[in-house]
Amino acid sequence: MSDVAEPLYVGAAWSEGSWFAVAFDRSGFDHAAVFDEVGDLWVRYEERAERVLVDVPVGLVEEGEEGRRCDDLARRVLGPMSDAVVTPPVREATRKRRYPAAQRVNERKAGRGISERAFAMSDGIVAVDELLQNVPEARAAFAASQSEVCFRAFAGEPLEHDTAYAAGYAERMRTLAQHDRDAPPVVQAAAAATEGYEVAVADVLDAVALAYTAAPGDGTLRTLPADPPTDAVGLPMAITYRADAPLVAE
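The chain is annotated in an unreviewed UniProt entry as DUF429 domain-containing protein from Halosimplex rubrum.

Asker: I would appreciate a short explanation of helix 11 (residues 201–214) in the present structure.
Answerer: Think of an α-helix as turning once every 3.6 residues; residues three or four places apart then point the same way. Here helix 11 spans 20 Å end to end across 14 residues, near enough to the 20 Å set by a 1.5 Å rise per residue. For helix 11, the set of buried residues is D203, V204, L205, D206, A207, V208, A209, L210, A211, Y212, T213 and A214.

Asker: Looking at this structure, how should I read the sheet that holds strand 1 (residues 8–15)?
Answerer: Each strand in a sheet pairs with another by means of backbone hydrogen bonds, the pair being arranged parallel or else antiparallel. With respect to topology, five strands assemble into an open sheet ordered 3-2-1-4-5, the strand pairing being mixed. Each having just a single partner strand, strand 3 (28–35) and strand 5 (142–144) make up the two edges of the open sheet. Ignoring which end each strand starts from, the neighbouring axes of this sheet average 20 degrees apart. Together, strand 1, strand 2 (18–25), strand 4 (49–54) and strand 5 form the strand contacts of helix 6 (residues 122–134), whose direction differs from that of strand 5 by roughly 140 degrees. Contacting strand 1, strand 2 and strand 4, helix 11 crosses the sheet at an angle of about 150 degrees to strand 1.

Asker: I tried to follow the packing of aromatic side chains on my own but got confused; where do I start?
Answerer: Aromatic ring pairs are defined here through the distance separating the ring centres and the angle between the ring planes. Scanning the entire structure with this criterion turns up six aromatic pairs. Judged by centre distance (6.4 Å) and plane angle (65 degrees), the ring pair of W14 and W19 falls under edge-to-face. Here W14 falls in the buried class, since its relative accessible area comes to 18%. Among the aromatic residues, ring-to-ring pairing joins F24, F29 and Y212 into one connected group. Looking at R172, its charged tip hangs above the ring of F151, at a distance of 5.8 Å from the centre.

Asker: What's the story with the pattern of salt bridges in this structure? I'm lost.
Answerer: Two side chains carrying opposite charge are able to pair once their charged atoms lie near each other. By the definition in use, this model includes 12 salt bridges. Measuring nitrogen to oxygen at the nearest pair gives 2.5 Å for the salt bridge that ties R91 to E62. Of the two residues, R91 is situated in helix 3 (residues 91–94) and E62 in the loop between strand 4 and helix 2 (69–78); the sequence distance between them amounts to 29 residues. The partly exposed category is assigned to E62, whose relative accessible area is 29%. Through salt bridges with shared partners, a single network forms among E62, R91, R95, D129, E130 and D231.

Asker: What should I look at first to understand the packing of helix 2 against helix 8 (residues 147–155) in this one?
Answerer: The description of two packed helices rests on the angle between their axes and on the distance between the axes. Axis separation between helix 2 and helix 8 bottoms out at 10 Å; the angle between their running directions is 45 degrees. Accordingly, the angle class assigned to the pair helix 2 and helix 8 is oblique. Crossing angle aside, the handedness with which helix 2 passes helix 8 is left-handed. Residue-level contacts link A74, V77 and L78 of helix 2 to E148, V149 and R152 of helix 8. Its residues assigned to classes, the contact of helix 2 with helix 8 shows four nonpolar, no polar and two charged.

So, how was this worked out
- Residue indices begin from 1 for each chain and proceed along its sequence in written order.
- Confidence filtering applies because this is a predicted model: local features only for residues at pLDDT of at least 70, side-chain atom pairs given and counted only at 80 or more, and all residues used for totals across whole chains, interfaces and linings.
- Working from all heavy atoms in the structure, the side-chain values ignore hydrogens and water.
- The way it works is that DSSP assigns letters per residue, a run of H or I at least four long becomes a helix, a run of E at least two long becomes a strand, and they are numbered from the N terminus.
- Under the convention used throughout, the expected extent of a helix is 1.5 Å for every residue step, that is, one less than its residue count.
- Only protein chains enter the calculation, and the probe is 1.4 Å; a residue is then buried if its accessible area is under 20% of its type maximum, exposed if over 50%, and partly exposed in between.
- Strands were regarded as paired on the criterion that DSSP finds at least two bridges between them.
- Working convention: axes come from line fits to C-alpha atoms, limited for helices to the stretch in contact. Angles between N-to-C directions cover 0 to 180 degrees.
- Should any heavy atoms of two residues lie within 4.5 Å, those residues are considered in contact.
- Geometry of aromatic contacts follows a simple scheme: Phe, Tyr and Trp rings, the Trp one being its six-membered ring, pair when their centres are within 6.5 Å, and the pair is stacked under 30 degrees between planes, edge-to-face over 60, tilted otherwise.
- The criterion for a charge sitting over a ring is simple: Lys NZ or Arg CZ within 6 Å of the ring centre, and within 35 degrees of the ring normal.
- Any carboxyl oxygen of Asp or Glu that lies within 4 Å of a side-chain nitrogen of Lys or Arg is treated as forming a salt bridge with it.
- Roughly parallel refers to an angle under 35 degrees, roughly antiparallel to one over 145, roughly perpendicular to one between 65 and 115, and oblique to any angle outside these ranges.
- Handedness of a crossing is defined here by the sense of rotation of the near helix relative to the far one, left-handed for an anticlockwise turn of less than a right angle and right-handed for a clockwise turn.
- Note on residue categories: nonpolar means Ala, Val, Leu, Ile, Met, Phe, Trp, Tyr, Cys or Pro, charged means Asp, Glu, Lys or Arg, and polar means any other residue, Gly included.

Written out as structure tokens, the structure reads:
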């Protein structure tokens, strides 16, 4: 028998300052865990991770009024859920600790402000950005995704209900079950792993959707856009999803 550990496929959702990760192997759900830092997550999975999908933007604009094409395409395919896509601040603004300072930098460099949601994501964005700039091995494994794009790809059509509401929870559970009939117990097992931590139900669903996207399965791993540009430090500005056919004609 081989001593080589089986590869893992990880989906990680940034949740209230921590990372909730769901890991699959080739046969399905393996485990879930909560990490205080993305560096801790990488240390846990660096020997086995074939792919790690995170739900924060990777690849940042330095300056200029033009935003990221991946965000524009994601909004186009999401329909009623298009507000789920957050335009990230420019790289310098993500490093600001106070919202007014981040606003000023973004207005100066990009000619626009930033939403409070985007500012609230900055710690997660910076953590991944710095990890990928400093650790080449992590750069090879990590990619950005967006949970609503993953759900949209699995469903085959835009979803109608916000994930914050019961109807949205039911809609996403149906979507996951259509993708894999074992998804309901996977969600339950993943949720059980959050005991002792304050992880929202929506973040559990998001991490599971990311993990299903990362893991081998039906459909092809694709990106928005299909041929993504890279940012000033060489990181691709893309959103990863899994589907039989592209979500949008480019």
